[in-house]
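Residues per chain are reported as follows:
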Amino acid sequence: MRMKFFVANWKMNKTVKESLNFLRDFIPLIKEIKDREIGIAPTFVCLESVGKTLENTPIKLCAQNVFYEKKGAYTGEISPTMLKDLNVEYVIIGHSERRKYFQETDEVINRKIKASIDEQLKVIFCIGEIIEERQSNMTFDVLKRQIEKGLENINNPSSIVLAYEPVWAIGTGIVASEKQIEEAHAFIRDKLKEIYSEKADSVRILYGGSVTPENIHAIINIDNVDGVLVGGASLDAQKFSKIVKYEKQK
Ligand code: PGA
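**A few points about the nonpolar core**
Item 1. Within the largest apolar cluster, 61 residues are counted, with the highest numbers of intra-cluster contacts made by F26, Y207 and F240.
Item 2. If near-sequence neighbours (up to four positions away) are discounted, F26 is found in contact with I38, I40, I59, A237, F240, S241 and V244.
Item 3. Membership of the second largest hydrophobic core comes to 12 residues, among which are A41, Y90, V161 and L206.

**Structural notes on helix 1 (residues 16–30)**
Item 1. Its 15 residues give helix 1 an end-to-end C-alpha distance of 21 Å, which sits within 8% of 21 Å, the value for a rise of 1.5 Å per residue.
Item 2. The largest bend in helix 1 comes to about 25°, at R24, with the proline P28 one to four residues further on.
Item 3. Of the positions making up helix 1, those classed as buried are S19, F22, L23, F26, I27 and I30.
Item 4. On its buried face, helix 1 sits against strand 2 (37–41), helix 2 (47–54) and helix 10 (237–245).

**A closer look at the site of the ligand**
Item 1. Taken together, 13 residues lie around the ligand, and K11, H95, E165, G171 and S210 are the ones closest in.
Item 2. E165 places a polar side-chain atom, nitrogen or oxygen, 2.6 Å from an oxygen atom of the ligand.
Item 3. Separating an oxygen atom of the ligand from a backbone N or O atom of G231 is a distance of 2.8 Å.
Item 4. Expressed as a share of its isolated accessible area of 280 Å², the protein-covered part of the ligand is 95%.
Item 5. Class assignment for the residues of the shell around the ligand results in 4 nonpolar, 7 polar and 2 charged.

**Re the packing of aromatic side chains**
Item 1. The tally for this structure, following the rule as stated, stands at 9 aromatic pairs.
Item 2. Aromatic side chains Y164 and Y207 sit 6.5 Å apart centroid to centroid with 55° between the ring planes, which places their arrangement in the tilted category. Placement of Y164 in strand 6 (residues 160–164) and of Y207 in strand 7 (residues 205–208) is noted, with a sequence separation of 43 residues between them. For the residue pair Y164 and Y207, the accessibility class agrees, reading buried in each case.
Item 3. In textbook terms, an aromatic cluster arises when at least three aromatic residues are bridged by ring pairs, as seen for W10, F22, F26 and F240.

**Remarks on the packing of helix 1 against helix 2**
Any two packed helices are characterised by the angle at which their axes cross and by the distance between the axes.
Item 1. Contact geometry of helix 1 with helix 2 gives a least axis separation of 9 Å together with a crossing angle of 20°. When the axes of helix 1 and helix 2 are compared, the pair comes out roughly parallel. The interaxial crossing formed by helix 1 with helix 2 has right-handed handedness. Touching V16, S19, L20, L23 and I27 of helix 1 are S49, V50, T53 and L54, all from helix 2.
Item 2. Class assignment for the residues of the contact of helix 1 with helix 2 results in 6 nonpolar, 3 polar and no charged.

**Side note on unusual backbone geometry**
Item 1. Of note, Q120 is a non-glycine position whose phi angle comes to about 65°, a positive value.
Item 2. Tracing the backbone through its elements, the reader meets Q120 in the loop between helix 5 (106–118) and strand 5 (122–127).
Item 3. For Q120, a relative accessible area of 57% translates into the label exposed.
Item 4. The backbone of N224 sits at a positive phi, close to 65°, despite the residue not being glycine.
Item 5. Relative to the assigned elements, N224 resides in the loop between helix 9 (216–220) and strand 8 (227–230).

Parameters and conventions
Residues numbered from 1 in each chain as written. Predicted model: local features only at pLDDT ≥ 70, side-chain atom pairs only at ≥ 80, totals over all residues. Heavy atoms only, no water. Core = buried A, V, L, I, M, F, W, Y, C linked by side-chain atoms within 4.5 Å. Buried < 20%, exposed > 50% of the residue type's maximum accessible area, 1.4 Å probe, protein only. Contact = heavy atoms within 4.5 Å. Helix = DSSP H or I, 4+ residues; strand = E, 2+ residues; numbered from the N terminus. Expected span 1.5 Å × (residues − 1). Bend = angle between axes of the 7 residues up to and from the residue. Near = heavy atom within 4 Å. Polar contact = N/O pair within 3.5 Å; in protein donor to acceptor, adjacent residues only side chain to side chain. Areas by Shrake-Rupley, 256 points an atom, 1.4 Å probe, with all protein chains shown as cover. Nonpolar A, V, L, I, M, F, W, Y, C, P; charged D, E, K, R; others polar. Phe/Tyr/Trp six-rings, centres within 6.5 Å; stacked < 30°, edge-to-face > 60°. Axes fitted to C-alpha atoms, helices over the stretch in contact; angles between N-to-C directions. Parallel < 35°, antiparallel > 145°, perpendicular 65-115°, else oblique. Left-handed = near helix turned anticlockwise from the far one by under 90°.

In structure tokens, the structure reads:
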């Protein structure tokens, strides 16, 4: 059984105070929930205070990025060891915004994944095609390349969660169709099976891209959708709690 996983990716939003205000509102809204996993990825500078507030809750502390070296002269970077020290459980790697604005390549992403696993962090590994790739029928080629290169020489997928995020659906309000999501997730599952055989069955595959309380119900019920990675709608405690509960909108 793959437990459904709901992850808030706050990106470059919320000060420490704003993050703690969110948690004050959010924690009571989800405290009865036991049959699914919830993660929150604040900015690096909020990890410590958010982590302390989450200590006696079931919510998992997640980071949005990491560097692949343990320590050294890498101005501005944060290592897996440092994240582990703050009780971070999951780290998001390969987000399309990192690929686009910070030129992260499949090779860099692979190094980051390996370094994180070495440090006993779990990884939320993001993949997804840009609009031009979808329009030229290259979606599956792109996903194949991203999976093969990103997971190169990673022999056990037990610390990995995949996140399929079509780049054209991120922050645009354009959600992928149910058919597009189903096809992509089935493709990813097959690809994982090719690499990891039966171990692939327990790997969760999240969907990300314009998830809202209005569309979560349809998305979460698609085959091979094991949760969601949420940007914009996760900034609001009410909205994110509705997504986690996937209540139908009245
Ligand atoms: P969005 O972002 O929900 O704002 O589309 C998703 C993501 O980037 O993970």
